[in-house]
Amino acid sequence: MPYEESPPQAGRRHARPGLAAWLAARAGACFFLVVLLLAAAGMAQAQPAPAFQAAFQVEAVRGTGWDEAAPPADGWTPVALPDSWAARWPGFDGVVWYRLTWDQPAEVTEVGLLLHYLNMAGAVSLNGTPIWRDQSLVEPLTRAWNSPRYWLLAPPLLQAGRNTLLVRVSGLSAYQAGLGPVSLGAPAAMQAAYGQERVWRRDLQMLGLAVSAAVSAFFAALWAMRRRETAYGWFALMSVLWLLFGYNQIATSPWPFASNHSWQALNTSLLLLFSVSYAVFALRFCERRMPRLEGLALLVAVAGVLDLWLTGSANLLTHRAVWTLVGGLTIIAVNSAALIHALRHRHSPMRSLAPFMALSAATGAHDLLVFTQVIDSNIYYTTMSSYGLLLGMALTQAGRFVQSLKRIENFNTELIEEVNAAKAELGVTLAQQHALELAHARIGERVNLASDLHDGLGGMLVGSIATLERKPEKLSAPELLAMLKRLRDDLRLIIEATGQHDGTRAFGELLVPLRHRTSQLLDANGIDCRWQVSNIETLELPPSQSLDLLRFLQEALTNVLKHSASRRVDVAVTRTGAELQLSVRDDGRGFAVDGADKGAGAGLRSLRTRARRLGADLQLQSRPGQTQLALRMPLAAVA
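Numbers given for residues are sequential positions, taken from 1 along each chain in its written order. Residue-level local features of this predicted model are given only where pLDDT is at least 70; pairs of side-chain atoms are given and counted only at 80 or more, and the full residue set underlies all totals for whole chains, interfaces and linings. Each side-chain value is worked out from all heavy atoms of the structure, with water and hydrogens disregarded.

A few words now on the layout of surface pockets. A cavity, in this analysis, means grid points on a 1 Å lattice covering only the protein atoms where a 1.4 Å probe fits yet has no way out; a pocket is instead an open set bounded by protein on both sides within 12 Å along at least five of seven lines, and a residue lines either one if it has an atom within 4 Å of a point. Grid points are joined across faces, edges and corners, and a volume is the space filled by probe spheres set on the points. Size it by volume and the largest pocket reaches roughly 560 Å³. Ala-279, Leu-283, Leu-293, Val-334 and Ala-337 are the residues nearest the centre of the largest pocket, which is lined by 28 residues in total. Breaking the lining of the largest pocket down by element, the ones donating at least two residues are helix 5 (260-285), helix 6 (291-310) and helix 7 (316-344). Per the convention used, a helix needs a DSSP run of H or I reaching at least four residues, while a strand needs a run of E reaching at least two, with both numbered from the N terminus. Take the lining of the largest pocket: its biggest share by element is ten residues, from helix 7. In this classification, Asp, Glu, Lys and Arg are treated as charged, Ala, Val, Leu, Ile, Met, Phe, Trp, Tyr, Cys and Pro as nonpolar, and every other residue, Gly included, as polar. Considering only residue class, the lining of the largest pocket consists of 20 nonpolar, five polar and three charged.

Dropping the structure here:
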C-alpha cells in the first residue's frame, strides 16, 4: 500500500521558545501519549474477535481472468486473514476468490458482518446472494483498500448449519493485494467495531486533509504578506504537497489516470518533492541556508520522479519501493536533525516544535515498517499525527501572538517614557540651538553695525578728512560745524534704521539728506555729482532695506571719492514696474574687476554683501575712463 509521511509543521523565523515552547512541550507529550494509546487500541481492535475468527474456515483460489464471474471448482488453498497473495503468487495481477465458511446455530438471529478492508476492489456474496460490489472490478480498479464495510445479515440470508461467504478481490500484487480481517458477531459489537474502523481509516484521514488545506491557505497568505518570512512559503508548499499526497488515503478512483500504476507513480513523486520541501522548511525555520545540500536533495528528488515515470509497469514495484524508502528516510532524518538542533541550541525556534517532530518521526518509522510489511497491518498513522504537528504550529503562533499582546499592553507606558525622554533631549537641543542663535544674532548685529559704520560714518569721515587735507586753511567754523552735523545725521540714520522695525518708510524721504550730504562732499573735493531720481515718490520700504540701499549708494560714492580720481559721477535711482534700479557711474581711472570677494577691498565686499541681503542683482563694469555699478532689486515681495 502507498506510504504516508507526517504532514508539515509551521513556524516563524524569529520565534523564541518562551510560552509557546513550554506549552508545546507539555501538550506534545500528552498528545504523543494519547496517540500511542489510541494506536494500541486501534491495532488491538483491528483484529477480529477471537471467538468469530476461530469459527471461520478461510480458503483462497486464484482466478483465471479479470472478467471471471464464478470461482474455479478446484485449487482452493487454506489461508489466514489478513492475507496478501504476493508471497503466495508473486507478480500475480488479477482476481483471487476467498471462501469463508462457518456453522450457524439452529436458532437463526441477526448478526453483524464486518469486512475491515480488501485490496483493491471486490464483490461479496452470502450463500450465493450478492450483497455488495465495487464500481469497477477491472483496471482502473476502484480503490477500496482503506474502506471498512459493515452489513447486518438478516435471517433470510442466513441458514442453519453451514454458511458460505464468498469474496471476490481484484488487485495488483505490487500494492499488497489481498483480503483483510473479517469479523462476524452481535450487531451492536460489530457496529461499534465498524465505527472505530471508520474513524481510523476514513474520518480522521479526511479531517487531517481538510485541516492541511486550511493551514496551507493560511500560511500562503502570511507568506504573501510577509515575503521575507520564507519559512511560511515553504510551509505552504509543504502543505499543498502533503494534501495531494495524503489524498491517496481516501481516493476511491485513480482518476485522472487510466491505471493504478500511474497513480502510484504520482503519489511517490509527491512524497519525494514533499521530503525536499520539508527539509528546506526546517532549515529556514532554524534561519539556516545550505545551498549545496538543498540542491543535492532537489536533484535526487527530480531523478526519482523521472525514474518513476520512465520505468515500465513490470519494474515499478521495485523502483517505487526504493524511492518511497528514500523519501520516508529523508523525512525521518530531517526530524532527527531538527530534534538534535533543538537540544543543542537553547534558544532555537525549533524547540517549540520538537515534541511534535518526535511524534512525526515515530509515526513515520511505523508507517515505513507497515509499507515494507515488517508490521502486519495496513493502517497508517502519519495523517493522524498531523493533529499534533498542527497543534505545535498553533502553539508557536499563539506564543508569538501572546508576546505581541503583551507588547501592545505595555506600549502606552513605553511610549510615554520614550516621549518624555525625547522631550528632555529636545529641550536640551533647543536650549543649545537658542544659545547658538543668540550668539549668531549678536555676531550678525556686530557685523551689520560695523558695516554700517564703515559705509556711513566711515565714508563721511573719509570725505571730511579729504576736504581738510585739500584746503584746511579755507575751512571756516560754520563749515566744520556742518561736517559734524552731517556725521551726526548719518549716525542718527543708523540708529533709526536699526532701532525701528515696526513699519515701512518712504524711501524718497531718506534719500534726500543722503543726496544732499554726498553732493556737498563730492563738490567740495572737485567732483561733479549729478542725480537722476524718478518714480520713487510712493515707494515705501522696511527700514533695514532702506538702510542697505542708502549704504550701498554711500559706499559706492565713497569709493569714487577715495579711489577713482574722477571729475564727474552720475547717480540714478529709478523705479520701473516691480523693480528698483540703482546706478553709479564715474569717469575715473577704473580698476580690475574680480567676480569673487577674495582679494577685493572692504568696500567692494560690503557692496556685494548688501546686494545679496537685498536679494538684488549686482553688475560691475570698469575700464579706464568709465566705471559703473548697477543694482537691480525686485519689489514684488515688498508690495
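On to the confidence of the model for the protein. A residue's pLDDT is the predictor's confidence in that residue, given on a scale from 0 to 100. Residue-level pLDDT values for the protein average 79, and 80% of them are 70 or greater. In this description, contact between two residues means that some pair of their heavy atoms is separated by no more than 4.5 Å. For residues 1-54, every residue scores under 50 in pLDDT, and the model assigns this stretch 159 contacts once sequence neighbours within four places are set aside.

Side-chain atoms within 4.5 Å link the members of a nonpolar core, which is a set of buried Ala, Val, Leu, Ile, Met, Phe, Trp, Tyr and Cys residues. Partly exposed describes any residue whose relative accessible area lies between the buried limit of under 20% and the exposed limit of over 50%, with all areas from a 1.4 Å probe on protein chains only and scaled to the type maximum. Grouped together as the largest cluster of nonpolar side chains are 36 residues, with contacts concentrated most on Phe-507, Leu-511, Leu-549, Val-569, Val-573 and Leu-580. If you list the elements that add at least two residues to this core, you get helix 13 (507-524), strand 14 (528-534), helix 14 (543-564), strand 16 (568-576), strand 17 (579-586), helix 15 (602-614) and strand 19 (626-634). The contact partners of Leu-511, leaving out residues within four places of it in the chain, are Trp-531, Val-533, Ile-536, Leu-550, Leu-553 and Val-573.

Moving on, we get to the sheet that holds strand 3 (residues 83-84). Pairing is antiparallel across the open sheet formed by three strands, whose spatial order is 3-11-6. Edge positions in the open sheet fall to strand 3 and strand 6 (118-119), since each of these has one partner strand only. Strand pairing is assigned whenever DSSP identifies at least 2 bridges connecting the two strands. As judged from the two bridges shared by strand 6 and strand 11 (residues 178-179), these two strands associate in the antiparallel manner. Each residue of the ladder has a partner; that of Asn-119, found in strand 11, is Gly-178.

Turning our attention to the packing of aromatic side chains. Stacked, tilted and edge-to-face are the three classes assigned to paired rings of Phe, Tyr and Trp, where Trp is represented by its six-membered ring and a pair needs centres within 6.5 Å; plane angles under 30 degrees give stacked, over 60 edge-to-face, the rest tilted. For the structure shown, the criterion picks out 14 aromatic pairs. Ring geometry for Phe-274 and Tyr-278: centres 5.8 Å apart, planes at 10 degrees, overall stacked. Of this pair, Phe-274 and Tyr-278 both sit in helix 5, four residues apart, which is roughly one turn of that helix. Residue classification places Phe-274 among the buried residues on the basis of a relative accessible area of 1%. For the pair Phe-281 and Phe-285, a centre-to-centre distance of 5.7 Å together with 25 degrees between the ring planes defines the contact as stacked. One end of the pair is Phe-281 and the other is Phe-285, both in helix 5 and four residues apart, which spans about a single turn. Three or more aromatic residues joined by ring pairs make a cluster, and in this case those are Phe-218, Phe-219, Tyr-232, Phe-235, Phe-281 and Phe-285. One Lys or Arg, Arg-62, reaches over the ring of Phe-92 and ends 5.1 Å from the middle of that ring. Over a ring means this: the NZ of a Lys or the CZ of an Arg is within 6 Å of the ring centre and within 35 degrees of the ring normal. Above the plane of the ring of Trp-76 lies Arg-99, whose end atom (NZ or CZ) is 4.0 Å from the centre.

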